[in-house]
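Listed below are the residues making up each chain.
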Amino acid sequence: MDTLARVDRADVRETDDGSTLILSAGGLHVMMIRLRYNGRWGDVDEVINSAGEVATAAVCAWTLIGQVLSLELDRAAAAKLGFPRDCRVRLDLPAEVLSLVRASLLEILYTACFVVDTAEGRVTG
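Only a predicted model underlies this, so the values are computations on that prediction, with no experimental measurement involved.

Reading guide: rules and limits
Residues numbered from 1 in each chain as written. Predicted model: local features only at pLDDT ≥ 70, side-chain atom pairs only at ≥ 80, totals over all residues. Heavy atoms only, no water. Helix = DSSP H or I, 4+ residues; strand = E, 2+ residues; numbered from the N terminus. Rg over C-alpha atoms; globule rule 2.2 N^0.38 Å. Areas by Shrake-Rupley, 256 points an atom, 1.4 Å probe, with all protein chains shown as cover. Lys, Arg positive; Asp, Glu negative; His and termini not counted. Charge placed at Lys NZ, Arg CZ, Asp CG, Glu CD. Contact = heavy atoms within 4.5 Å.

1. Topic: the overall build of the protein
Then, number 1: Helix and strand counts for the protein stand at 2 helices and 11 strands.
Then, number 2: Taken from the N to the C terminus, the helices and strands of the protein come in the order β-β-β-β-β-β-β-β-α-β-α-β-β.
Then, number 3: What you see for the protein is a C-alpha radius of gyration of 13 Å, in line with the 14 Å of a compact globule of 125 residues.
Then, number 4: Dimensions of the protein along its principal axes, counting C-alpha atoms only, are 35 × 30 × 25 Å.
Then, number 5: If you sum the accessible surface of the protein, you get close to 6,700 Å²; carbon and sulfur atoms cover 51% of it.
Then, number 6: In the protein, 13 positive and 18 negative side-chain charges are present, and the distance between their average locations comes to 4 Å.

2. Digging into the environment of aspartate 86
Then, number 1: Summarising the element assignment, aspartate 86 is placed in strand β9 (residues 86–91).
Then, number 2: Here the alpha-carbon distance between aspartate 86 and valine 59, two residues 27 residues apart in the chain, equals 9.9 Å.
Then, number 3: Not counting residues within four places of it along the chain, the set of residues in contact with aspartate 86 comprises Ser70 and Leu71.

This is a description of form; function is not addressed.
Right, here's the structure in full:
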């Protein structure tokens, strides 16, 4: 993913033990971003590449500005996943799906630093 990968589909799956955002292009998974609920040890966020490799607590910071999602991955996670440390994807999605992606990212990656464009303006955390 050295260049700006394009995503043309996004799905959110909610289960009793987690929430997963699946980003796909041409019917193939580009990446999954998941929050596993773990009552005993706390919630755990993960990034999963198309080969199924999982990196836990991989995202240091992220932005969603317009249609560009940028994930700043820690060095070990980037190496494990085969992604650059500044992993960027273009979300070629309808506005209502982009809104769903935004809400899902805010739920899953709430512990990482972020900047997000919303209808109400830019939000940081």
